[in-house]
Amino acid sequence: YDHLAPKLRGKKEGTFAYYTVRDRWPKIVTGLVDQLAQKRASLIEKYGSEVESDIAAILEVFSKLRYEIMTDKPLCNLMDTQLDSEMWRNLLSDMRTAAMPDEVEDLTFFKGPWLFVECWLYRFIWSTFAKTIRLSEYDYFQDSKRKNFLDHLPQIEESAAFINKISAKDAPVHELFGINTILKMSLWGNRADMSLTGGDDHTLAMSSMSASSKLADFVLIDDVNDMIVKVLGPLKINANHETNRRIDIILDNSGVELTGDLIVAEFFISRGFADKVVIHGKAIPWFVSDVTKPDLDWTIEQLKNGENIGEESRALGEKLEKRMKSGQIVYQDHLFWISPHAYYAMEKEARDLYDDLKNSSLIIFKGDLNYRKLVGDRDWDLDTSFKTACRGFAPCPFMALRTLKAETVAGLSEESIAILLEKFEEDNTWMTSGEYAVCQLGGI
Ligand code: F6P
Ligand code: MG
């Protein structure tokens, strides 16, 4: 890995990173300020009038934060005492003293490495709430996550009907068709994301089963069949000898995407590809829409008992609840997933997690952020191999299911590159529109 491409940074004008730092981050912070103002009365009702001082403290920090983003000030320290505070303190100090060879530039909002600064931002926002007395557990992104689920009830019912049909033991299902359809549904669920617009518009309903086959041309790399032959096939053959076959899903967003991912888990278990599926979420509200434990609990409860929920979704909810209770589906939220580290560093930075993942047969990484961390958020040449970009990360075979929302990708074929060049010429919008996707196999 002698030649590393440069990291993406917000200072490069015209890029999505630049637009994110300039427009999207201030908008997200403003959205939080507006939310607190709008909810003042209900928060007082819930927590008592003392909550006003908490709200005032948060508003003060956020108006300063917004100003500092917009004027490209250096990142400040995270002055808190959480489990990961020391890691952040050390990293910030390493980066400021340029102990890391490729971080010689200033650590400011625009000039710092985009991924690092973005993780710092969500960690800082959380810290601001965590320091208050009454709002330390408050999930300020909860409303938009729940709305995403409620806005997609028809799609959820449709995919629930599909899994209910094919998970029956004697269901006459063509397995390859089943796997492909389910993984593509889970993939396109990643498009219905609200972080891209700061949480105010998530009408991209391209997550239904029927959309999956229509969108085949937009999948730039499709290693699903390869993965079935190399990973899932052997797993099924081993079903009689092994009783501890495990698959992991590193979740991304709540709402329709999470439902799709739970359907993937249900599929692997019910069709005999795994005895256990471990799903990994975030320990704190993260990148607007990412799944936390309360989101997971709420989603399963909604599937089971929500208003306006269809019969198929209800049946799915009940099945999922049983799987969770029996330990066939297990939830975890290791702090590494809310660190700014690229995944090649997991072996060193989170040895316990790395060793644990070695027990898995397959990891599915969902979404854009996971992909950015797999390839280190670097400006790779498009034809750099995925393996090179992942820099040796391989606790076990893994598959990235990702719609492209940030300007980093590796492993494209000459043919795809030629098609994209012809269609878009110099214009890079295909890399950030969420219209294109990759299903890439790594770790073998
Ligand atoms: O701010 C940009 C970003 O971090 C991109 O990675 C992506 O556009 C979005 O936020 C999160 O996407 P996802 O939920 O798919 O990881
Ligand atoms: Mg996300």
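Everything quoted here is computed from the prediction, not taken from an experiment.

**What to know about the overall build of the chain**
At step 1: Scanning the chain for helices and strands turns up 18 helices and seven strands.
At step 2: With the C-alpha coordinates aligned to their principal axes, the bounding extent of the chain is approximately 60 × 55 × 45 Å.
At step 3: Expressed as a percentage of contacts within the chain between residues at least 6 apart in sequence, the contacts between residues at least 24 apart total 80%.

**With respect to the pairing of strand β7 (residues 437–442)**
Along a regular strand, successive side chains alternate from one face of the sheet to the other.
At step 1: Most of β7 sits out of view: six of its six residues are buried.
At step 2: Side-chain alternation along β7 places A437, C439 and L441 on one buried face and V438, Q440 and G442 on a second face that is also buried.
At step 3: Two elements, strand β1 (residues 219–222) and β7, share three bridges in a ladder whose sense is parallel. Looking at β7, one finds that D222 is bridged to C439.
At step 4: Direction of pairing for strand β6 (residues 398–403) relative to β7: antiparallel, over a ladder of six bridges. When the sheet's bridge partners are listed, A400 is paired in β7 with Q440.

**A short note on the site of ligand 1**
At step 1: Taken together, 16 residues sit near ligand 1, with G367, D368, L369, K405 and A406 positioned nearest.
At step 2: For the shell around ligand 1, the element with the highest residue contribution is helix α16 (residues 367–374), accounting for four residues.
At step 3: Classifying every residue of the shell around ligand 1 by side-chain character gives four nonpolar, six polar and six charged.

**Quick look at the domain arrangement of the chain**
At step 1: Split by domain assignment, the chain resolves into domain 1 (16–130) and domain 2 (147–442).
At step 2: For domain 1 versus domain 2, the separation of C-alpha centres amounts to 28 Å.
At step 3: With 19 residues of domain 1 in contact, the opposing surface of domain 2 contributes 16 residues.
At step 4: Sorting the residues of the side of domain 1 that touches domain 2 by element identifies α1 (16–38), α4 (85–96) and α5 (114–130) as the ones contributing at least two each.

**Notes on the nonpolar core**
One broad rule of soluble globular proteins: the nonpolar side chains tend to lie buried together.
At step 1: In terms of nonpolar packing, the biggest core is built from 118 residues, with A265, F268, V277, M399 and C439 touching the most fellow members.
At step 2: Tallying contributions element by element places α5 first for this core, with 11 residues.
At step 3: Residues from two domains meet in this core; each of domain 1 (16–130) and domain 2 (147–442) gives at least three.
At step 4: Beyond its immediate sequence surroundings of up to four residues, F268 is in contact with I247, F273, A274 and V277.

**Describing helix α12 (residues 293–305)**
At step 1: Taking 1.5 Å as the rise per residue, α12 with 13 residues should run 18 Å; its terminal C-alpha atoms sit 18 Å apart, in good agreement.
At step 2: Buried within α12 we find D295, L296, T299, I300, Q302 and L303. Projection of α12 onto a plane perpendicular to its axis shows the buried side chains occupying an angular sector of 160°, all on one side. The exposed set on the far side of α12, more than 90 degrees from its buried face, consists of E301 and N305.
At step 3: Next to the buried residues of α12 lie α6 (142–151), α11 (256–270), α13 (311–326) and β4 (329–332).

**Brief notes about the pairing of strand β2 (residues 246–250)**
At step 1: Counted residue by residue, β2 has five buried out of five residues, so it is predominantly covered.
At step 2: Residues R246, D248 and I250 line one face of β2 and the alternating positions I247 and I249 line the opposite face, and both faces are buried.
At step 3: Sheet analysis places β2 next to strand β3 (residues 276–280), joined by five bridges and oriented parallel. Residue D248 lies in a different strand from β3, and its bridge partner there is V278.
At step 4: The sheet contact formed by β2 and strand β5 (residues 362–366) spans four bridges and is parallel. By the bridge assignment, I247 is partnered in β5 with L362.

Analysis parameters
Residues numbered from 1 in each chain as written. Chains lettered and ligands numbered in written order. Predicted model: local features only at pLDDT ≥ 70, side-chain atom pairs only at ≥ 80, totals over all residues. Helix = DSSP H or I, 4+ residues; strand = E, 2+ residues; numbered from the N terminus. Contact = placed C-beta atoms within 7 Å. Buried ≥ 20, exposed ≤ 12 C-beta atoms within 10 Å, placed from the backbone. Pairing = 2+ DSSP bridges. Near = placed C-beta within 6 Å. Nonpolar A, V, L, I, M, F, W, Y, C, P; charged D, E, K, R; others polar. Domains from an automatic or database assignment. Core = buried A, V, L, I, M, F, W, Y, C linked by C-beta atoms within 7 Å. Expected span 1.5 Å × (residues − 1). Arc of directions from axis to C-beta.

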